[in-house]
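Examination of the molecular architecture
Each chain, written out:
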Amino acid sequence: MNREEIVVSREELERQRAFSGMVKALPHRPRSYHVVTYGCQMNAHDSEKIAGMLEEMGMTASDQRENADFVIFNTCCVRENAERRALGNVTWLKEVRKQKPDMVIAVCGCMIQEPGMAEVILKKYKFVNLAFGTANLHKLPEMLYETLNSGRQTVNVEDRDVIAEDLPIRRLRNDAAYLTIMYGCDNFCSYCIVPYVRGRERSRDPETILREAEKLAEAGVKEIMLLGQNVNSYGKGLPGNPNFARLLKRLDEVGIPRIRFMTSHPKDLSDDLIDVMAGGKHILPQFHLPVQSGNNEILKKMNRHYTREQYLDRVSRLRAAIPGIGLSTDIIVSFPGETEEQFQDTMSLVNEVRFDSAFTFIYSPRTGTKAADMEGIIPEDVSTDRIKRLIALQENLQQETLKRFIGTEEEILVEGLSRRSKLAVSGKGRHAVSVTVEGSEQDIGQIVKCRITGLKNNTLTGERI
Ligand code: 5AD
Ligand code: SF4
């Protein structure tokens, strides 16, 4: 597809703005909204765009879904339980609506983009007023207008790879912001549904990204998180080869105090990127690098295009260039056919690398992916046992790895009051580990300097300096 087909035209966006106005002018339109978000940061950011569009239609945010006139579920389908939870909650709301018959219910996001899901909504979830996939997000004003005006169910799913710029955004935080640099994924890891529901990889124009970053800097944002399914392959198909290393270097010049990014693919992690990080002023010393498995045969079956040895090489290179770097990962246990020995390779890799944190998952078959047709489904009790052993190992190691921060100075971006104490606040340090320090509500959104003094239940504690 060429660029004109991917980037949504100005005329179309204007058309949608006109629909926003038309929704706003409807006498019996919803006055309040609530967005329920499942899944990754990409979805969280899409929800901020949904909220932005709804506010343009004259709605205000409601804290609780049962009190809102318009409730929208932004779904995830990366694992079956995410999907089950979303559908369960949608069905629960159907009961709540009996007391509030004017409530409008919408379901959107990755789950709706799955093959066959539109039919399921049409047949089994007739009470859902509006459903649409990720490719239709920017058309929310038009779709909502149609639903409200006709009183009929609207289900709208398209198989298009789009980039919609300049949508209104209602950000969840003032101090930290998401900034998408690319959409979709071309990697087709054999277990993963994302390339099927989020479409082909496509990058935003670098100048547009820089302008957005500059605006965020002017607004006083202290941290940006660059988003993409595989940020390391940013720039493919754009003129002038603006690769991720070069983009990051330019963003570092904007002056936002903290820059992070996710997610990275080990096969695309270049030495250039590591050099830019090492020489950067504002790029945080942290890296989320999903390994998925420590066994070469499983990695091959996963279609990951790297070996255990190559992964370990990337980790060594990162650690040599950025001493003390914070490392986190994603791991899947019980991929089809995984033997105990192969699982032990994952355990030994975790032992060797010593991550600061690890997100661990039991393999979940997703219809339409290559792995869903593979033989060797692992029984549930074996999977549960494996993930328990992996989590226990990681927690033990984490106690050790986090000790390296004790005695050091950290800058924390305060996220909120600590759950354990009223006199404390917590936030993330530059290495992406959580730190609790004395403080009050006034510190939220501020960068606070402290010395790390202790470690309690895998959370660091510090004293202000
Ligand atoms: N089953 C289990 N985990 C999965 N992930 C992606 N697809 C699946 C699946 N089918 C995990 C991977 C990925 C993270 C976001 O979710 O570890 O990195
Ligand atoms: Fe899924 Fe692999 Fe793409 Fe990540 S890189 S979104 S795991 S296909």
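Residues numbered from 1 in each chain as written. Chains lettered and ligands numbered in written order. Predicted model: local features only at pLDDT ≥ 70, side-chain atom pairs only at ≥ 80, totals over all residues. Heavy atoms only, no water.

Section: the overall build of the protein chain
Across its full length, the protein chain carries 15 helices and 19 strands. Against the globule reference of 23 Å for 465 residues, the protein chain gives a C-alpha radius of gyration of 23 Å, in line with a compact fold. Expressed along its principal axes, the backbone C-alpha trace of the protein chain runs to roughly 60 × 55 × 50 Å. Counting over 465 residues, the protein chain shows a buried share of 55%. At a minimum sequence separation of 6, the contacts of the protein chain that also span at least 24 residues come to 75%. Split by element, the accessible area of the protein chain, about 21,200 Å² in all, is 48% carbon and sulfur. For the protein chain, the separation between the mean place of its 64 positive charges and that of its 65 negative charges on side chains is 3 Å. (Helix = DSSP H or I, 4+ residues; strand = E, 2+ residues; numbered from the N terminus. Rg over C-alpha atoms; globule rule 2.2 N^0.38 Å. Buried < 20%, exposed > 50% of the residue type's maximum accessible area, 1.4 Å probe, protein only. Contact = heavy atoms within 4.5 Å. Areas by Shrake-Rupley, 256 points an atom, 1.4 Å probe, with all protein chains shown as cover. Lys, Arg positive; Asp, Glu negative; His and termini not counted. Charge placed at Lys NZ, Arg CZ, Asp CG, Glu CD.)

Thoughts on the site of ligand 1
Around ligand 1, a shell composed of Val78, Arg79, Tyr191, Gln292, Asp330, Ile332, Phe361, Ile362, Tyr363, Ser364 and Arg366 is seen. Within the backbone of Tyr191, one N or O atom sits 3.0 Å away from a nitrogen atom of ligand 1. Listing elements by their share of the shell around ligand 1, those giving two or more residues are strand E13 (326-333) and strand E14 (357-362). Tallied by class, the residues present in the shell around ligand 1 amount to six nonpolar, two polar and three charged. (Near = heavy atom within 4 Å. Polar contact = N/O pair within 3.5 Å; in protein donor to acceptor, adjacent residues only side chain to side chain. Nonpolar A, V, L, I, M, F, W, Y, C, P; charged D, E, K, R; others polar.)

With respect to the packing of helix H10 (residues 244-252) against helix H11 (residues 271-279)
For the pair H10 and H11, the least separation of the axes is 8 Å and the interaxial angle reads 15 degrees. As summarised for this structure, H10 and H11 are arranged roughly parallel, according to the angle between their axes. Note on packing geometry: the crossing formed by H10 with H11 is left-handed. Between H10, through Phe244, Ala245, Leu248 and Lys249, and H11, the contact on the second element is made entirely by Asp272, Leu273, Val276 and Met277. Classifying every residue of the contact of H10 with H11 gives six nonpolar, no polar and two charged. (Axes fitted to C-alpha atoms, helices over the stretch in contact; angles between N-to-C directions. Parallel < 35°, antiparallel > 145°, perpendicular 65-115°, else oblique. Left-handed = near helix turned anticlockwise from the far one by under 90°.)

A short note on the environment of Ser32
Along the polypeptide, Ser32 turns up in strand E1 (residues 32-37). When the C-alpha atoms of Ser32 and Met103 are compared, they prove to be 9.8 Å apart, with 71 residues separating the residues in sequence. For Ser32, the contacting residues outside a window of four places in its chain are Met59, Thr60, Ser62, Asn67, Ala68, Asp69 and Phe70. From its side chain, Ser32 meets the backbone nitrogen of Asp69 in a polar contact 3.0 Å long.

Let's talk about the site of ligand 2
Surveying the vicinity of ligand 2 reveals the residues Cys185, Asn187, Phe188, Cys189, Tyr191, Cys192, Val194, Pro195, Gln229, His265 and Arg304. Tallied by class, the residues present in the shell around ligand 2 amount to seven nonpolar, three polar and one charged.

Focus on unusual backbone geometry
For the bond running from Met262 to Thr263, omega is 5 degrees, close enough to zero to count as cis. With respect to the secondary-structure elements, Thr263 resides in the loop between strand E11 (258-262) and H11. Here the phi dihedral of Asn303 falls at roughly 65 degrees; this positive angle occurs in a residue that is not glycine. Of note, Asn303 is situated in the loop between helix H12 (296-301) and helix H13 (308-321). Classification of Asn303 by relative accessible area gives partly exposed; the value is 28%.

These figures capture arrangement, not role.
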